[in-house]
Amino acid sequence: MNEKWIEKRVDEFLVKPNLIDYAREYQEFSWDNIANEFDGLPSGGLNIAHEAIDRHANGILADKTALLWLGQNGERKTYSFSQMKKESSKFANVLKNLGLSKGERIFTLSSRLPELYISVIGILKNQNVICPLFSQFGPEPILQRMQRGDAKVLLTTKKLFKKKITPILSELPDLRYILLLDSDKDESETVLSFSRLMGEASDRFEIPPTDPEDMSILHFTSGTTGMPKGVVHVHKAVYTHYMSGKYVLDLHRDDIYWCTADPGWVTGTSYGIITPWIHGITNIVDEGEFDAIRWYKTLQNEKVSVWYTAPTAIRRLMRIDSEPTKEYDLSHLRLIQSVGEPLNPEAVVWGKEKLNLPIHDNWWQTETGGIMISNFISQTIRPGSMGRPLPGIEAGIVRQNDDGTVTEVSEPNKEGDLALKIGFPSLFRAYLHAQEKYDRCFVGDWYLSGDLAYKDKDGYFWFVGRADDIIKTSGHMVGPFEVESTLMEHPAVAEVGVIGKPDEMIGQLVKAFVSLKVGYEPSDELKRELIGFGRKKLGVAVAPKEIEFQENLPKTRSGKIMRRLLKAREMGLPEGDTSTLED
Ligand code: ATP
Ligand code: MG
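Analysis parameters
- Residues numbered from 1 in each chain as written.
- Chains lettered and ligands numbered in written order.
- Predicted model: local features only at pLDDT ≥ 70, side-chain atom pairs only at ≥ 80, totals over all residues.
- Heavy atoms only, no water.
- Buried < 20%, exposed > 50% of the residue type's maximum accessible area, 1.4 Å probe, protein only.
- Helix = DSSP H or I, 4+ residues; strand = E, 2+ residues; numbered from the N terminus.
- Contact = heavy atoms within 4.5 Å.
- Axes fitted to C-alpha atoms, helices over the stretch in contact; angles between N-to-C directions.
- Parallel < 35°, antiparallel > 145°, perpendicular 65-115°, else oblique.
- Left-handed = near helix turned anticlockwise from the far one by under 90°.
- Nonpolar A, V, L, I, M, F, W, Y, C, P; charged D, E, K, R; others polar.
- Near = heavy atom within 4 Å.
- Polar contact = N/O pair within 3.5 Å; in protein donor to acceptor, adjacent residues only side chain to side chain.
- Areas by Shrake-Rupley, 256 points an atom, 1.4 Å probe, with all protein chains shown as cover.
- Domains from an automatic or database assignment.
- Buried area = accessible area lost by both parts, 1.4 Å probe.
- Salt bridge = Lys/Arg side-chain N within 4 Å of Asp/Glu carboxyl O.
- Phe/Tyr/Trp six-rings, centres within 6.5 Å; stacked < 30°, edge-to-face > 60°.
- Lys NZ or Arg CZ within 6 Å of the ring centre and 35° of its normal.
- 1 Å grid on protein atoms, 1.4 Å probe; cavity = no way out; pocket = protein on both sides within 12 Å on 5 of 7 lines; lining within 4 Å.
- Points joined across faces, edges and corners; volume = space filled by probe spheres on them.
- Pairing = 2+ DSSP bridges.
- Right-handed = clockwise from strand over helix to strand, strands pointing away.
- Arc of directions from axis to C-beta.

Draft legend 1. Focus on helix H12 (residues 311-319). Counting buried positions over the nine residues of H12 gives seven, a clear majority of the element. Taken together, the buried positions of H12 are Pro311, Thr312, Ala313, Ile314, Arg315, Leu317 and Met318. The inward-facing, buried residues of H12 abut helix H11 (292-301), strand E12 (306-309), strand E13 (335-338), helix H14 (345-355), helix H16 (480-488) and strand E26 (493-503).

Draft legend 2. Quick look at the packing of helix H3 (residues 48-57) against helix H5 (residues 114-125). Here H3 crosses H5 at 125 degrees, and the two axes come no closer than 8 Å. Compared by their axis directions, H3 and H5 come out oblique. Where H3 crosses over H5, the two elements pack in a sense that is left-handed. Together, Ile48, Ala49, Ile53 and Asp54 of H3 and Ile121, Leu124 and Lys125 of H5 make up the contact between the two elements. Here the contact of H3 with H5 is composed, by residue class, of five nonpolar, no polar and two charged.

Draft legend 3. View of the site of ligand 1. Ligand 1 sits among 22 residues. The nearest are Ser222, Thr224, Thr225, Asn362 and Thr366. In this structure, an oxygen atom belonging to ligand 1 sits 2.6 Å away from a side-chain N or O atom of Thr221. For ligand 1, an oxygen atom lies 2.8 Å from a polar atom in the side chain of Arg466. For ligand 1, whose accessible area on its own is 630 Å², the fraction buried by protein is 95%.

Draft legend 4. The domain arrangement of the protein, seen in detail. Examined at the domain level, the protein breaks down into domain 1 (48-455) and domain 2 (470-571). In this structure, domain 1 and domain 2 have C-alpha centres spaced 31 Å apart. Between domain 1 and domain 2, the residue contacts involve 22 residues of the former and 21 residues of the latter. When domain 1 packs against domain 2, close to 2,000 Å² is buried across both sides, 53% of that on carbon and sulfur atoms. Counting the surface domain 1 buries against domain 2, the share from its top three residues, Thr224, Arg315 and Arg319, is 31%. Taken together, the connections running from domain 1 to domain 2 amount to one salt bridge. The partner of Arg315 in a salt bridge is Glu495, and the shortest N-O contact between them spans 2.6 Å. Broken down by secondary-structure element, the contributors of at least two residues to the side of domain 1 that touches domain 2 are H12 and H14. Element by element, the count of residues in the side of domain 1 that touches domain 2 is highest for H12, at four residues. Residue composition of the side of domain 1 that touches domain 2, by class: eight nonpolar, 10 polar and four charged.

Draft legend 5. Looking closely at the packing of aromatic side chains. Evaluation of the coordinates by the stated rule reveals 26 aromatic pairs. Taking 5.4 Å as the distance between ring centres and 40 degrees as the angle between the ring planes, the aromatic pair formed by Phe91 and Phe194 counts as tilted. Placement of Phe91 in helix H4 (residues 81-97) and of Phe194 in helix H8 (residues 194-200) is noted, with a sequence separation of 103 residues between them. Each member of the pair, Phe91 as well as Phe194, carries the same accessibility label: buried. Members of the aromatic cluster, joined through ring pairs, are Phe428, Tyr431, Tyr438, Phe442 and Tyr447. The ring of Phe220 is capped by Arg145, whose NZ or CZ atom sits 5.7 Å from the centre of that ring.

Draft legend 6. The arrangement of empty space enclosed by the protein in detail. Under the counting rule described, the total for this entry stands at six cavities of 30 Å³ or more. What the largest cavity holds in volume is close to 70 Å³. Along its surface, the largest cavity is lined by Arg315, Glu341, Pro342, Asn344, Phe481, Glu484, Met488, Glu495, Val496, Ile561 and Arg563. Of all the secondary-structure elements, those providing two or more residues to the lining of the largest cavity are H16 and E26. Broken down by element, the residue count for the lining of the largest cavity peaks at three residues, all from H16. Here the residues of the lining of the largest cavity are counted per class, giving five nonpolar, one polar and five charged. Taken together, domain 1 (48-455) and domain 2 (470-571) each give at least three residues to the lining of the largest cavity, which thus spans both. What the second largest cavity holds in volume is close to 50 Å³. If you go around the second largest cavity, the residues you meet are Ile48, Ser216, Ile217, His219, His233, Val234, Ala237, His241, Val266, Thr269, Ser270 and Gly369. Secondary-structure elements contributing two or more residues to the lining of the second largest cavity are strand E8 (215-220), strand E9 (230-234) and helix H10 (266-278).

Draft legend 7. Region of interest: the environment of Lys125. Residue position: Lys125 is located in helix H5. For Lys125, a relative accessible area of 0% corresponds to the buried category. In sequence terms Lys125 and Asn47 are 78 residues apart; their C-alpha atoms lie 7.3 Å from each other. If we skip the residues at most four places from it in the chain, Lys125 touches Asn47, Ala49, Asp54, Lys85, Ser88, Ser89, Ala92, Phe205, Ile207 and Pro208.

Draft legend 8. Representation of the environment of Val493 in the model. Tracing the chain through its elements places Val493 in strand E26. Taking relative accessible area as the criterion, Val493 reaches 1% and is therefore assigned buried. In this structure the C-alpha to C-alpha distance between Val493 and Glu104, which are 389 residues apart in sequence, comes to 48 Å. Apart from the residues lying within four places of it in its own chain, the contact partners of Val493 are Leu487, Met488, Val514, Ser515, Lys517 and Leu530.

Draft legend 9. Here's a closer look at the pairing of strand E6 (residues 177-180). Neither face of E6 is left uncovered, since the one carrying Tyr177 and Leu179 and the one carrying Ile178 and Leu180 both have all their residues buried. Alignment of strand E5 (residues 151-156) against E6, held across four bridges, turns out to be parallel. Across the sheet, Thr156 pairs through a bridge with Leu180, a residue of E6. In this view, the connection linking E5 to its parallel neighbour E6 by way of helix H7 (residues 158-165) has right-handed handedness. Where E6 and strand E7 (residues 191-193) come together, three bridges link them in parallel fashion. Each bridged residue has a counterpart across the sheet, and for Ile178 the counterpart in E7 is Val191.

Draft legend 10. Just H7, in detail. Buried residues of H7: Leu160, Phe161, Lys164 and Ile165, and no others. For H7, the arc enclosing every buried residue in end-on projection is 105 degrees, short of the 170-degree limit, so these residues lie on one face. Away from the buried face of H7 by more than 90 degrees, exposed residues Lys159, Lys162 and Lys163 are located.

This is how it looks when you write it as structure tokens:
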């Protein structure tokens, strides 16, 4: 056992984990058994909205809080499963009465309001497709996505409508209605009041027979590596949501669960809406943006037990020198999971030291619809590793051959493309209007993720980098993650992005962009110190040769470091699509 690994003792858990014997669970798992966890529609088929809300509202959980909403300014609202059923049925009737038919796309552009969550369920009930946009997008990225996604209806607020939609409205001739969530009267024949429509709609709605293969969600990717892609998901993806909620989030009926992601990103829908409700769990939605004190208070006051967040948030908490467990009562918290980009080992250990719980890293993509690889609550964590594949998921490292086929790499610790065997229910069904791009992701029975990784002899997967970010220097392949994680160990470093800068002598030179923790100032001396630090830990070939200090690194609005922008700016090249770039 490596001294840095974090071991778990099953007898120490107050709540018995759902997964204890990984090997057995993995071996015995079958998707057919998961099917038994669902009700199915009375009228036939499978619909996410029924499984997430209606079946609980029809049973013993009717009065249980489904949604606990925390408003930006301290308001607090709760909705039971029964209320969610009625409200979402009203919205399904609204859509039906407006003449929306199966498969038509409904876009949302709103902050995290309760109406947004009600609408998502209503949209699925009427067999429309939900396409959530991040409310901080400007007009151009909104237009681009609505055009590409064939938007028929947009749900938004008065302010966002005026500021972001009016300038682009003439370019959206197929958009039939705009529903304003916070307006009590219609503004025109096509710009309607959500509350007026809801007030007139019946709260009874029978979900029509839904094929598990019917389209449910259209999600645009984060745009970290280029133009965001429109990813198509179907109702059957809910199998993966159930399974990952059980094994990764370890959901139990009494949990209070908080996912910090916005539904504008796939984590915010798969795990901020669907998964907790599939499990009949109270789901916290915080309208506010990141704020360390607010977040710690929410964890404390709402007695959060399972918390799903992202490396960018963890790094921001790490930046502040505080002792959260002394200042707040976090005793209800029993599991922290993280996704979105690589989680540096430093962050895993920080959790253990400062929150009394290590952070568990997991890996997936918009395309996979749900978590694929994870560190599990009951299993040893190898900090820096993404963990092992979930039951029902076969992951492998493959190499592409010259003839277009791929071969799985059987030797441990050898880098290659991270791939998944097709056949699990939540794998995307299309890139909307981009068939060729979609087809290129598949070779034989593998889906190629576009990420590079390796697998150790015990089956733990280690992220190396995105294929686009890999650095070729003096004949070596260097993954930025390894270099970034090492620099993160230096006490002055808050955040790092590493790129390969073209160099005549060595192909590419490893360059690190560093933002410093509070209390540290950029200086040539510190640069030299960091270069020396890197060399000592990584060796001369891999260590950064250049360091540049930046107060803030360019990130997507979901918090991912955009290495492609660091690189474009370094080389003076066009920046490409910046629609998801944080302000
Ligand atoms: P785009 O495809 O538009 O460039 P994106 O890949 O960032 O954007 P998402 O689907 O939101 O869009 O993100 C998935 C990607 O995020 C993964 O392919 C991987 O590169 C990265 N990622 C997610 N979780 C992890 C993790 N735990 N460790 C390392 N990388 C991760
Ligand atoms: Mg991607």
